[in-house]
Amino acid sequence: MKNQIRVLLVGCGAISRTWLISALKEKEINIAGLVDINRSAAEKKAEEFKLTNAFVGTNFKEALRKTKPDAVFNCTVPEAHYEITMLALKEGCHVLVEKPLADSMDHARKMVRQAEKTGKILAVIQNRRYYNYIRGVEKFLSSGKIGGLTTINSEFYIGAHFGGFRDKMKHVLLLDMAIHTFDMARFLTHTDPVTVYCHEWNPFSSWYNHGACANAIFEMTGGIVYTYLGSWCAEGLNTTWTGRWRFIGEKGSALWDGMEKFEAQKTTGRTGFIRKTRNIAISFSERKEENEGHRGLIREFIHCIKTDKKPLTSADDNIKSLAMVLGAIESSRKKRPVRIKL
Ligand SMILES: NC(=O)c1ccc[n+]([C@@H]2O[C@H](COP(=O)([O-])OP(=O)(O)OC[C@H]3O[C@@H](n4cnc5c(N)ncnc54)[C@H](O)[C@@H]3O)[C@@H](O)[C@H]2O)c1
């Protein structure tokens, strides 16, 4: 494989800045073009990042033809992920798409099948998996220090005033945000979803049009129960963006604030009404900026293109996190628990 990977970035809105900051630090990436249905958005990014030789336009098909990219970075809004990704795959490009993979399971399955058919990589920016705190907690839980997991709770409470597409979108918390938290639950516990019972609502105080709050109970493989409580219109006492977590294992429990604050206790005694416990510590690895978040994921994606490997957030696995989101929406609509179709 040649040294530089030619990349066409589509969707030049807010998150594209994070992508460009990361991508332009990598010598192996050449940003060949910028596309947005809003020309001035693409022009502004070209100017801001001094991409004087890059193609700038509004027509994705024309940009594909003119730039002949190896890969497409799809930073468009969720409803456009399917169309852009399918076109890119059909033109023989690898695709890295922003979360959520797609706006429906039907679209997501077709995207995964198309990637398989063309032998191209289709991966999703599920950037939480690329933070040292999350990796540290995953390692701690896998070490068995608190025994096999039985129960997980996560709370997400943020009063986020975005403006823009989120204010109007349906199921805003579940579709645009909970995908991060649900994917974390899968990553941290190495389990997949089986069933879900969810209640989604939009409180009278909400500044969103639809679904700013949701509570969901998932049954995961191995009989683990995962409970999610979330609100995107909770003013005050906010959690971190990664959420506040409790893990219960057969020999102890752990509490985590989603960042560096972590505490755990394991039982030492075998008798007594409440068993004796001792504290156990966690060790987080040193943070390396180049491996964190979007940058870590983009680097891995490029490495996988060059070495023919599969990224951690490959769409054929990430579709299971999307299934948790869409299963929760279905359960809330039907007002009963539903089996999650993978
Ligand atoms: N991973 C994260 O932490 C994270 C954070 C923020 C946003 N996101 C995701 O990134 C995506 C974009 O979010 P944003 O906040 O940048 O939105 P945004 O509205 O600021 O930008 C989206 C851009 O896409 C363009 N666009 C829409 N349809 C298009 C199409 N068919 N072709 C070309 N351009 C098109 C719009 O004109 C706009 O400029 C969403 O899927 C969102 O969920 C992820």
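The rules we used
- Residues numbered from 1 in each chain as written.
- Predicted model: local features only at pLDDT ≥ 70, side-chain atom pairs only at ≥ 80, totals over all residues.
- Heavy atoms only, no water.
- Axes fitted to C-alpha atoms, helices over the stretch in contact; angles between N-to-C directions.
- Helix = DSSP H or I, 4+ residues; strand = E, 2+ residues; numbered from the N terminus.
- Parallel < 35°, antiparallel > 145°, perpendicular 65-115°, else oblique.
- Left-handed = near helix turned anticlockwise from the far one by under 90°.
- Contact = heavy atoms within 4.5 Å.
- Nonpolar A, V, L, I, M, F, W, Y, C, P; charged D, E, K, R; others polar.
- Salt bridge = Lys/Arg side-chain N within 4 Å of Asp/Glu carboxyl O.
- Core = buried A, V, L, I, M, F, W, Y, C linked by side-chain atoms within 4.5 Å.
- Buried < 20%, exposed > 50% of the residue type's maximum accessible area, 1.4 Å probe, protein only.
- Domains from an automatic or database assignment.

Caption draft 1: Structural view of the packing of helix α8 (residues 172-189) against helix α10 (residues 315-334). In the contact formed by α8 and α10, the axes pass within 9 Å of each other and the chain directions differ by 125°. Taken together, the axes of α8 and α10 lie oblique to each other. Pair α8 / α10 crosses with right-handed handedness. Residue-level contacts link Leu 174, Leu 175, Ile 179, Phe 182, Asp 183 and Arg 186 of α8 to Asp 317, Asn 318, Lys 320, Ser 321, Leu 322, Met 324, Val 325, Leu 326, Ala 328 and Ile 329 of α10. Within the contact of α8 with α10, the residues separate by chemical class into ten nonpolar, two polar and four charged.

Caption draft 2: Quick look at the packing of helix α3 (residues 60-67) against helix α4 (residues 81-90). It is the contact of α3 with α4, at a shortest axis distance of 11 Å, that shows an interaxial angle of 30°. Compared by their axis directions, α3 and α4 come out roughly parallel. The hand of the α3/α4 crossing is right-handed. Here α3 contributes Phe 60, Lys 61 and Leu 64 to the contact with α4, which in turn contributes Ile 84, Leu 87 and Ala 88. Considering only residue class, the contact of α3 with α4 consists of five nonpolar, no polar and one charged.

Caption draft 3: Layout of the pattern of salt bridges. On inspection of all chains with the given rule, the structure shows 23 salt bridges. Across the pair Arg 166 and Asp 176 runs a salt bridge, and its minimum N-O distance is 2.5 Å. Of this pair, Arg 166 sits in helix α7 (residues 165-168) while Asp 176 sits in helix α8, and the two are ten residues apart along the sequence. Linking Asp 192 and Arg 186 is a salt bridge whose minimum nitrogen-to-oxygen distance equals 3.0 Å. Through salt bridges with shared partners, a single network forms among Lys 25, Glu 26, Glu 289, Glu 290, Arg 295 and Arg 299.

Caption draft 4: Spatial organisation of the nonpolar core. Ranked by internal contacts, the top residues of the largest apolar core, which has 80 residues, are Val 72, Leu 101, Phe 218, Tyr 226, Phe 247 and Trp 256. Take this core: its biggest share by element is twelve residues, from α8. Both of domain 1 (5-120) and domain 2 (129-287 + 323-339) provide at least three residues apiece to this core. Leu 34, Phe 73, Cys 75 and Ile 298 belong to the second largest nonpolar core, which has 30 residues in total.

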